[in-house]
Amino acid sequence: MPNHQRLINLLLQILAELGWKPPVGDVIDEIANGGLLTVVQAAAICEVTDQTIYRWIDHAGSLGQSLGKKSTTWLIGTARLVAYLEAHQGGLPARVKAENLLKKYWPSWSQVGGLGQGD
């Protein structure tokens with residue numbers, strides 16, 4: 001019988017070596033750190049049009065993999081978006097590029113009045 005705690009610890013160690021950090025805080029902290037994007041922001045980090053993001057939302061939905069939630073506007077999960085990019089829109093290079101653009105843009109977007117606040 002496998003030692004579950006030993007396996008969990010080994011997996012956590014591997015993840016840490018790959019750069020993964022366990023989440024801290026709550027959902028508000030996640031949002032404040034770029035965990036949700038507007039369509040405008042998603043389009044900017046993916047270097048595509050808003051319409052392309054809407055097509056990707058539809059495509060991901062047809063695969064049973066929602067990219068976000070629509071209320072008065074779409075809120076797109078960043079982790080879901082970059083996973084979709086990697087799986088369906090250019091592989092790991094597209095994912096890394098989008099993640100790097102998010103790091104570049106997020107400081108200004110997280111300020112009041114940043115890009116896409118009212119989309």
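Residues numbered from 1 in each chain as written. Predicted model: local features only at pLDDT ≥ 70, side-chain atom pairs only at ≥ 80, totals over all residues. Heavy atoms only, no water.

Judged by pairing direction, the sheet is antiparallel, and its 3 strands sit side by side in the order β1-β3-β2 without closing on themselves. Sheet topology places β1 (36–37) and β2 (68–70) at the edges, where each strand pairs with a single neighbour. Note that β2 and strand β3 (residues 74–77) share 3 bridges and pair antiparallel. If you follow G68 over to β3, its bridge partner there is I76. Strand contacts of helix α5 (residues 78–88): β1 and β3, with the helix running at about 65° to β3, the strand carrying the most contacts. (Pairing = 2+ DSSP bridges. Helix = DSSP H or I, 4+ residues; strand = E, 2+ residues; numbered from the N terminus. Contact = heavy atoms within 4.5 Å. Axes fitted to C-alpha atoms, helices over the stretch in contact; angles between N-to-C directions.)

Okay, α5 next. Helical periodicity: at 3.6 residues per turn, an α-helix aligns residues three or four positions apart in one direction. Residues of α5 that are buried include every one of T78, L81, V82, Y84 and L85, and no others. One side of α5 carries all its buried residues, which in axial view fall inside an arc of 155°. Exposed side chains of α5 directed beyond 90 degrees from the buried face belong to A79 and A87. Packed against the buried residues of α5 are β1, α3 (39–46), α4 (50–62), β3 and α6 (91–109). (Buried < 20%, exposed > 50% of the residue type's maximum accessible area, 1.4 Å probe, protein only. Arc of directions from axis to C-beta.)

Right, let's get into the packing of aromatic side chains. Going through the model one piece at a time under the given rule, you end up with 3 aromatic pairs. Ring centres of Y105 and W109 lie 5.2 Å apart, and the angle between their planes is 35°; on these two criteria the pair is classed as tilted. Separated by 4 residues within a single helix, Y105 and W109 lie in helix α6, roughly one turn from each other. By relative accessible area, W109 is classed as buried at 4%. A ring pair is formed by W106 and W109, whose centres lie 6.4 Å apart and whose planes are at 85°; its orientation type is edge-to-face. Of the two residues, W106 and W109 both sit in helix α6, 3 residues apart, roughly one turn of that helix. Both residues of the pair, W106 and W109, count as buried. (Phe/Tyr/Trp six-rings, centres within 6.5 Å; stacked < 30°, edge-to-face > 60°.)

If you look at the biggest cluster of nonpolar residues, it comprises 22 residues, and the most contacted ones within it are L37, I45, I53, W56, L67, I76 and L81. Taken together, the elements giving at least two residues each to this core come down to α3, α4, β3, α5 and α6. The residues touching L37, leaving out its near neighbours within four places in the chain, are A42, I45, W74, L75, I76, T78, L81, L102, W106 and W109. (Core = buried A, V, L, I, M, F, W, Y, C linked by side-chain atoms within 4.5 Å.)

To continue, consider the packing of α3 against α4. Close contact between α3 and α4 brings their axes to 8 Å; oriented N to C, the two are set at 100°. Overall, the two elements α3 and α4 adopt an arrangement that is roughly perpendicular. Residues V39, V40, A42, A43 and C46 of α3 form the contact with α4, whose participating residues are D50, I53, Y54 and W56. Its residues placed into classes, the contact of α3 with α4 shows 8 nonpolar, no polar and 1 charged. (Parallel < 35°, antiparallel > 145°, perpendicular 65-115°, else oblique. Nonpolar A, V, L, I, M, F, W, Y, C, P; charged D, E, K, R; others polar.)

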